[in-house]
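# Descriptive structure summary
The primary structure of each chain is shown beneath.
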Amino acid sequence: MVTDAVPLANRAKTQGMMDVSIAVADATGGLASGLVVPAAGCPVLALVGGLVSLALLPVITATTRSR
């Protein structure tokens, strides 16, 4: 979806940046969950994940409305 919205000349660069962004987010999430679970347990990890998701909803909504 993202690469379809980008001109063909920039498509490969954009796809590469998206891939790197997803990989960094994945590594950050894995690291954070690896620290949270032993310290506080899975319920706290689930609660934090839910709160982060809820916090992102207004940002996503505002971004999609402006287009």
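The structure under discussion appears in the preceding block.
Here goes a summary of the coordinates provided. Only a predicted model underlies this, so the values are computations on that prediction, with no experimental measurement involved.

Parameters at a glance
- Residues numbered from 1 in each chain as written.
- Predicted model: local features only at pLDDT ≥ 70, side-chain atom pairs only at ≥ 80, totals over all residues.
- Heavy atoms only, no water.
- Patch = residues over 30% accessible without salt bridge, like charges linked within 9 Å, V, L, I, M, F, W, Y side chains within 5 Å.
- Areas by Shrake-Rupley, 256 points an atom, 1.4 Å probe, with all protein chains shown as cover.
- Salt bridge = Lys/Arg side-chain N within 4 Å of Asp/Glu carboxyl O.
- Helix = DSSP H or I, 4+ residues; strand = E, 2+ residues; numbered from the N terminus.
- Buried < 20%, exposed > 50% of the residue type's maximum accessible area, 1.4 Å probe, protein only.
- Axes fitted to C-alpha atoms, helices over the stretch in contact; angles between N-to-C directions.
- Parallel < 35°, antiparallel > 145°, perpendicular 65-115°, else oblique.
- Contact = heavy atoms within 4.5 Å.
- Nonpolar A, V, L, I, M, F, W, Y, C, P; charged D, E, K, R; others polar.

### Some words on a nonpolar patch on the surface
There is a patch of nonpolar side chains on the surface, built from Val-44, Leu-47, Val-48, Leu-51, Val-52, Leu-54, Leu-56, Leu-57, Val-59 and Ile-60 and spanning about 890 Å² of accessible area. Topologically, Leu-54 is positioned in helix 2 (residues 42-65). You can call Leu-54 exposed: its relative accessible area is 55%.

### Quick word on the packing of helix 1 (residues 11-40) against helix 2
Running from N to C, helix 1 and helix 2 cross one another at 135°; their axes reach a closest spacing of 7 Å. The orientation of helix 1 relative to helix 2 falls into the category oblique. For the pair helix 1 and helix 2, contact is made by Ser-33, Val-36, Val-37 and Ala-40 and by Cys-42, Val-44 and Leu-45, respectively. Considering only residue class, the contact of helix 1 with helix 2 consists of six nonpolar, one polar and no charged.

### A few points about the environment of Val-37
Following the sequence through the fold, Val-37 ends up in helix 1. The contacts of Val-37, once residues within four sequence positions are left out, are Cys-42 and Leu-45.

### Focus on the environment of Pro-43
Relative to the helices and strands, Pro-43 resides in helix 2. You can call Pro-43 exposed: its relative accessible area is 65%. Each C-alpha atom of the pair Pro-43 and Pro-7 lies 44 Å from the other, and the pair is 36 residues apart in sequence.

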